[in-house]
Amino acid sequence: QVQLVESGGGLVQPGGSLSLSCAASGSIFRVIAMGWYRQAPGKQRELVATVNSGWGTNYADSVKGRFTISRDNALSTVTLQMNSLKPEDTAVYYCNGRIYSDYREWDDYWGQGTQVTVSS
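So, a few notes on the structure that sits alongside this text. (Residues numbered from 1 in each chain as written. Predicted model: local features only at pLDDT ≥ 70, side-chain atom pairs only at ≥ 80, totals over all residues. Heavy atoms only, no water.)

Overview of the sheet that holds strand S7 (residues 67-71)
Whether parallel or antiparallel, the strands of a sheet pair through hydrogen bonds between backbone atoms.
Logical step 1: In space, the 4 strands of this open sheet follow the order S1-S3-S8-S7, with antiparallel pairing throughout. Whereas interior strands pair on both sides, the edge strands pair on one side only; in this sheet they are strand S1 (3-7) and S7. With strand direction ignored, the average angle separating the axes of adjacent strands in the sheet is 15 degrees.
Logical step 2: As judged from the 6 bridges shared by strand S3 (residues 18-25) and strand S8 (residues 77-82), these two strands associate in the antiparallel manner. Within S8, the position partnered with Cys 22 by the bridge is Val 78. (Pairing = 2+ DSSP bridges. Helix = DSSP H or I, 4+ residues; strand = E, 2+ residues; numbered from the N terminus. Axes fitted to C-alpha atoms, helices over the stretch in contact; angles between N-to-C directions.)

Here we look at the nonpolar core
Logical step 1: Judged by nonpolar contacts, the single largest core of 30 residues is most densely connected at Leu 4, Met 34, Trp 36, Leu 80, Met 82 and Tyr 93.
Logical step 2: Secondary structure elements with two or more residues in this core: S3, strand S4 (30-39), strand S5 (46-52), S7, S8, strand S9 (91-100) and strand S11 (114-118).
Logical step 3: Among all residues touching Leu 80, those that are not within four sequence positions of it are Leu 18, Ser 19, Leu 20, Trp 36, Val 48, Ala 49, Phe 67, Thr 68, Ile 69 and Tyr 93. (Core = buried A, V, L, I, M, F, W, Y, C linked by side-chain atoms within 4.5 Å. Buried < 20%, exposed > 50% of the residue type's maximum accessible area, 1.4 Å probe, protein only. Contact = heavy atoms within 4.5 Å.)

Brief notes about the pairing of S4
Logical step 1: Most of S4 sits out of view: 7 of its 10 residues are buried.
Logical step 2: The pairing of S4 with S9 spans 9 bridges and is antiparallel. Paired with Tyr 37 across the two strands is Tyr 94, which belongs to S9.
Logical step 3: Here S4 pairs with S5 via 6 bridges, running antiparallel.

Here's the deal with the state of the cysteines
A covalent bond between the sulfur atoms of two cysteines is what we call a disulfide.
Logical step 1: What the rule picks out here adds up to 1 disulfide.
Logical step 2: Linked covalently through their sulfurs, Cys 22 and Cys 95 form a disulfide whose S-S length is 2.0 Å. In this structure the cystine formed by Cys 22 and Cys 95 twists about its S-S bond by roughly -85 degrees; its chirality is therefore left-handed. Of this pair, Cys 22 sits in strand S3 while Cys 95 is found in strand S9, placing the two residues 73 residues apart along the sequence.
Logical step 3: Residue classification places Cys 95 among the buried positions, given a relative accessible area of 0%. (Disulfide = S-S within 2.5 Å.)

Side note on the packing of aromatic side chains
Logical step 1: Scanning all chains against the criterion turns up 1 aromatic pair.
Logical step 2: Ring centres of Tyr 37 and Trp 110 lie 5.1 Å apart, and the angle between their planes is 70 degrees; on these two criteria the pair is classed as edge-to-face. Residue Tyr 37 is found in strand S4, and its partner Trp 110 is found in strand S10 (residues 106-110); the two are separated by 73 residues along the sequence.
Logical step 3: Of the residues examined, Tyr 37 reaches a relative accessible area of 19% and is grouped as buried.
Logical step 4: Above the face of the Tyr 94 ring, Arg 45 is positioned so that its terminal group lies 3.8 Å from the ring centre.
Logical step 5: The ring of Trp 110 has Arg 45 lying over it, and the distance from NZ or CZ to the ring centre is 4.7 Å. (Phe/Tyr/Trp six-rings, centres within 6.5 Å; stacked < 30°, edge-to-face > 60°. Lys NZ or Arg CZ within 6 Å of the ring centre and 35° of its normal.)

Observations concerning unusual backbone geometry
Logical step 1: Its identity is not glycine, yet Leu 75 carries a phi of approximately 60 degrees, on the positive side.
Logical step 2: Within the element layout of this structure, Leu 75 appears in the loop between S7 and S8.
Logical step 3: In this structure Leu 75 comes out as buried when scored by relative accessible area, which is 1%.
Logical step 4: Residue Ser 84 is not a glycine yet carries a positive backbone phi of 50 degrees.
Logical step 5: Along the polypeptide, Ser 84 turns up in the loop between S8 and S9.
Logical step 6: Residue class for Ser 84 comes out partly exposed when judged on its relative accessible area of 41%.

It is worth stressing that arrangement in space is one thing and function is another; only the former is reported here.
Laid out in structure tokens, this is it:
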């Protein structure tokens with residue numbers, strides 16, 4: 001089974017920074033893409049940022065210029081550097097991986113979520 005393990009969440013003051021990391025392990029044949037999504041109380045889960053196997057990235061408009069997603073060469077680890085955090089960034093952040101478990105089958109996998117709270 002593919003496992004995605006997140007770390008780095010916590011409490012930070014507005015304007016501060018946090019870095020989230022996600023490590024993929026297990027039955028991985030190939031990683032297509034990885035990314036971060038978030039869900040705030042009372043809201044739908046939304047895309048934050050993704051990076052794919054071709055090194056392409058995309059970001060939600062709300063985080064452009066503030067957040068940066070990066071990856072290692074194998075796409076086994078992805079990080080989200082979050083700067084200039086705002087209270088509205090408060091959410092549970094979930095790591096997502098679109099991953100082949102063998103040469104022909106892929107699926108989306110999710111981490112357990114890590115809480116990011118931006119508050120004074």
